[in-house]
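Now for the letters of each chain:
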Amino acid sequence: SLSTRHCPCKMNQLPPKSPLVSPLSETVTSRVDSLDNLSMDSFWLEVENIKQSTEAEQEECSLADVKAQEEGEAEAEWLQDAGLSDLIKDHASENDNVVLLSTLTKTQAAAVQRRLDTYSRSRRRKNKHPVRDVRDIFGVVSSGETVAEKEESSPDQLWHNLRTSNVQKQTQDYSCTVRNSGKEEVFNMDVAYSEQAAVLLKGSFLSESRRIKDGNALTKFKIHKGRLGVTRVGDLSAQDMKKIPTLALIELTALCDVLGFELKRNKAAKLKTTEKKLFGVPLNTLLENDQKLLPNTKVPLLLQALLSCLEKRGLETEGILRVSGSQTRIKSLEQKLERDFYTGLFRWDEVHQNDVSGLLKRFIRELPAPLLTAEYLPAFAAVQNIPDLKQRLQALNLLILILPEPNRNTLKALLEFLSKVVARENNNKMNLWNVSTVMAPNLFMHKGLPNKIPEGKEKQLAEGAADVVRMMIHYQDLLWTVSSFLVAQVRKLNESNSKRYQFCDKRIKNLLRKIHADKDKVEKNQAEPSKVVKVHASLLLKDTLEVHLNNATRVADVLRQFQKNLCQNGWNIVNTVNLLKCNNSTECTNLLLYEVGGNIGERCLDPDTYLLDLYHINPHAEWIIKQNPSYPRMF
């Protein structure tokens with residue numbers, strides 16, 4: 001998203017789409033022009049329903065909430081959120097910034113440099129003490145090669161050099177992204193998206209956007225599985241996941257830079273306090289209250305109840321979500337829920353399904369801050385302006401990783417339910433586009449944000465918002481994946497932090513060279529053809545499992561060997577039936593193999609992970625077999 005034109009306003013339109021300045025914008029027409037054959041009636045009907053339901057509650061945006069940012073303020077906030085705020089302080093602190101910078105690709109480093117340059121220029125204009133020169137920080141990046149030797153180079157020239165030098169070094173061919181609709185395509189998560197975009201831009205492989213005419217034409221993507229397997233959201237420890245939003249923000253910014261889109265974010269909205277317990281309560285507060293009743297709750301209990309009720313009795317209801325319930329009944333039910341939900345006295349079986357769907361949409365709209373967050377809601381809306389479908393999905397993937405955990409978990413629960421609605425299309429007459437047009441206003445309209453839209457853009461923005469919702473529903477499995485290149489950066493951060501390097505300006509280049517020299521030592525040991533390792537399963541067996549690894553050994557093989565050992569050790573068949581009932585298919589078992597320690601906190605391993613490769617990447621980790629937490633306990 002780009003800069004937003006702020007003004008006091010009422011919630012009567014979609015959030016604004018900021019103007020995008022792109023070298024491709026003149027040759028790429030709006031994708032939504034191709035959606036003319038798809039009805040938007042449900043969208044506008046939903047907008048009218050929202051207006052009616054909130055008519056008595058309209059509030060103007062306060063001037064304080066929409067104050068324009070001063071020059072350099074946006075860059076300072078970006079550096080803060082990117083974990084690089086020390087770079088603009090007068091006195092450098094410890095080594096955290098250097099460690100983070102040492103993990104960046106050239107395009108990511110260039111994105112940081114551009115914002116530092118902009119901030120420095122704003123400081124000079126204000127006659128303040130300039131920030132310290134950081135160009136030698138980028139003297140060595142992840143490849144270990146110098147990319148900014150001349151301090152006199154202009155910022156634009158530096159950016160040009162960084163991009164072109166990276167393009168020349170790339171050996172992978174991404175030209176296959178010129179593709180045919182309907183065929184399964186590979187979605188590469190091994191190489192940073194911004195690096196892929198730089199190669200495509202250099203080779204002029206960015207084709208005009210394909211037009212999506214109906215749900216059946218959506219391209220099928222298959223995530224490329226490297227030898228280290230695929231990592232899903234939830235596979236990493238909480239400690240490692242905390243590093244992902246920072247890295248994803250830097251990568252999203254780098255991707256937008258390469259594509260020619262200027263990424264700016266809204267300031268975080270100030271949340272108003274409420275005396276209510278459920279509706280209009282911040283997600284964090286809801287979860288804190290729910291966790292007192294049910295520890296480890298990740299999705300608000302009220303939302304779980306609403307979705308459960310609709311799944312049990314509403315999936316077959318014709319027009320579910322689209323057909324509006326009675327506004328009077330919905331408001332009455334909201335009051336009853338506020339009073340009786342936590343006591344268990346609320347009678348769900350007496351509620352009409354269209355009223356439950358109305359409560360669901362009202363719950364989402366009434367959140368004090370948008371579910372997609374005030375900061376990034378415009379960015380979600382602006383994804384529609386990226387010409388290439390794969391790059392739109394790359395941007396969405398990064399945006400979802402940037403979301404706070406409560407928002408990401410809640411959004412996933414909602415999207416999983418919406419997928420179930422679409423799956424019953426033959427009965428409920430709600431296809432993917434119908435569901436998307438109904439839900440888009442509830443996700444993209446918010447009374448706490450300015451909503452001025454350029455004249456004549458309403459239809460384009462409405463269809464674009466619905467298209468973004470459609471992508472999130474249809475591609476949610478892909479979008480909730482942590483890219484391999486981000487996991488690799490987390491490993492680098494953990495490795496560097498564990499070595500406790502001391503930081504000072506004069507030693508930056510030596511420091512970064514040492515980091516990469518240590519990395520090279522690890523890489524030299526990767527020629528080892530085989531290895532014998534021990535796998536722990538302390539909760540299941542007293543002894544460790546000894547496994548001989550070769551280039552073909554996968555996680556699935558180890559789990560099968562473990563199952564075999566269970567039987568050989570005389571375990572009662574009642575205890576092992578859940579392990580063996582799927583003909584030794586580990587995808588059907590309730591056991592998982594985890595990588596713990598070394599350069600990772602904890603990671604649940606994909607069954608197709610090649611373990612010798614993983615050992616070379618993280619030789620100091622332990623491998624532990626655990627029971628899948630989503631299965632009922634057997635022991």
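Data block above holds the structure.
Right, let's walk through the structure included here.

Rules used throughout
- Residues numbered from 1 in each chain as written.
- Predicted model: local features only at pLDDT ≥ 70, side-chain atom pairs only at ≥ 80, totals over all residues.
- Heavy atoms only, no water.
- Patch = residues over 30% accessible without salt bridge, like charges linked within 9 Å, V, L, I, M, F, W, Y side chains within 5 Å.
- Areas by Shrake-Rupley, 256 points an atom, 1.4 Å probe, with all protein chains shown as cover.
- Salt bridge = Lys/Arg side-chain N within 4 Å of Asp/Glu carboxyl O.
- Helix = DSSP H or I, 4+ residues; strand = E, 2+ residues; numbered from the N terminus.
- Expected span 1.5 Å × (residues − 1).
- Buried < 20%, exposed > 50% of the residue type's maximum accessible area, 1.4 Å probe, protein only.
- Contact = heavy atoms within 4.5 Å.
- Phe/Tyr/Trp six-rings, centres within 6.5 Å; stacked < 30°, edge-to-face > 60°.

Time to look at a nonpolar patch on the surface. A cluster of nonpolar side chains, Leu293, Leu294 and Tyr342, forms an exposed patch at the surface whose accessible area comes to about 290 Å². In this structure, Leu293 sits in helix H9 (residues 283–293).

The next subject is helix H8 (residues 244–259). Every α-helix winds through 3.6 residues per turn, so residues three or four apart in the chain are directed the same way. Taking 1.5 Å as the rise per residue, H8 with 16 residues should run 22 Å; its terminal C-alpha atoms sit 22 Å apart, in good agreement. Burial analysis of H8 places 15 of its 16 residues in the buried class, the great majority of the element. Following H8 by one or two positions, Gly260 adopts a phi angle in the positive range, close to 90 degrees.

With that settled, consider the pattern of salt bridges. Following the criterion strictly, the structure yields 24 salt bridges and no others. Lys626 serves as the salt-bridge partner of Glu602, at 2.8 Å between the closest nitrogen and oxygen. Of this pair, Glu602 sits in strand S8 (residues 600–604) while Lys626 sits in strand S9 (residues 622–627), and the two are 24 residues apart along the sequence. Exposure remark for Glu602: the relative accessible area of 24% places this residue in the partly exposed category. Exposure remark for Lys626: the relative accessible area of 27% places this residue in the partly exposed category. Salt bridges sharing common partners tie together Lys225, Arg554, Asp606 and Asp608.

Before going further, it helps to examine the side chain of Thr246. The topology assignment puts Thr246 in helix H8. Once residues within four sequence positions are removed from consideration, Thr246 is found in contact with Asp81, Ala82, Gly83 and Leu100.

Take Leu411: it is sitting in helix H15 (residues 405–423). Accessibility expressed as a relative area gives 0% for Leu411, which makes it buried. Here the alpha-carbon distance between Leu411 and Val299, two residues 112 residues apart in the chain, equals 9.0 Å. Among all residues touching Leu411, those that are not within four sequence positions of it are Leu371, Leu372, Leu403, Met472 and Trp480.

With 17 residues, helix H18 (residues 458–474) ought to run about 24 Å at 1.5 Å a step, and its terminal C-alpha atoms sit 24 Å apart, in line with that. Within H18, 14 of the 17 residues are buried, leaving the element largely enclosed by the surrounding structure.

Below, the discussion takes up the packing of aromatic side chains. Inspection of every chain in the model, using the stated rule, returns eight aromatic pairs. Plain terms: the ring middles of Phe279 and Phe363 are 6.2 Å apart, the flat faces sit at 80 degrees to each other, and that makes the pair edge-to-face. Of the two residues, Phe279 sits in the loop between H8 and H9 while Phe363 sits in helix H12 (residues 353–366), which places them 84 residues apart along the sequence. In this structure, Phe279 and Phe363 share a single accessibility class: buried. Ring geometry for Phe341 versus Tyr342: centroids 5.2 Å apart, planes at 70 degrees, classification edge-to-face. Judged by its relative accessible area of 31%, Tyr342 is partly exposed.

Everything listed is a geometric property; what it means functionally is a separate question.
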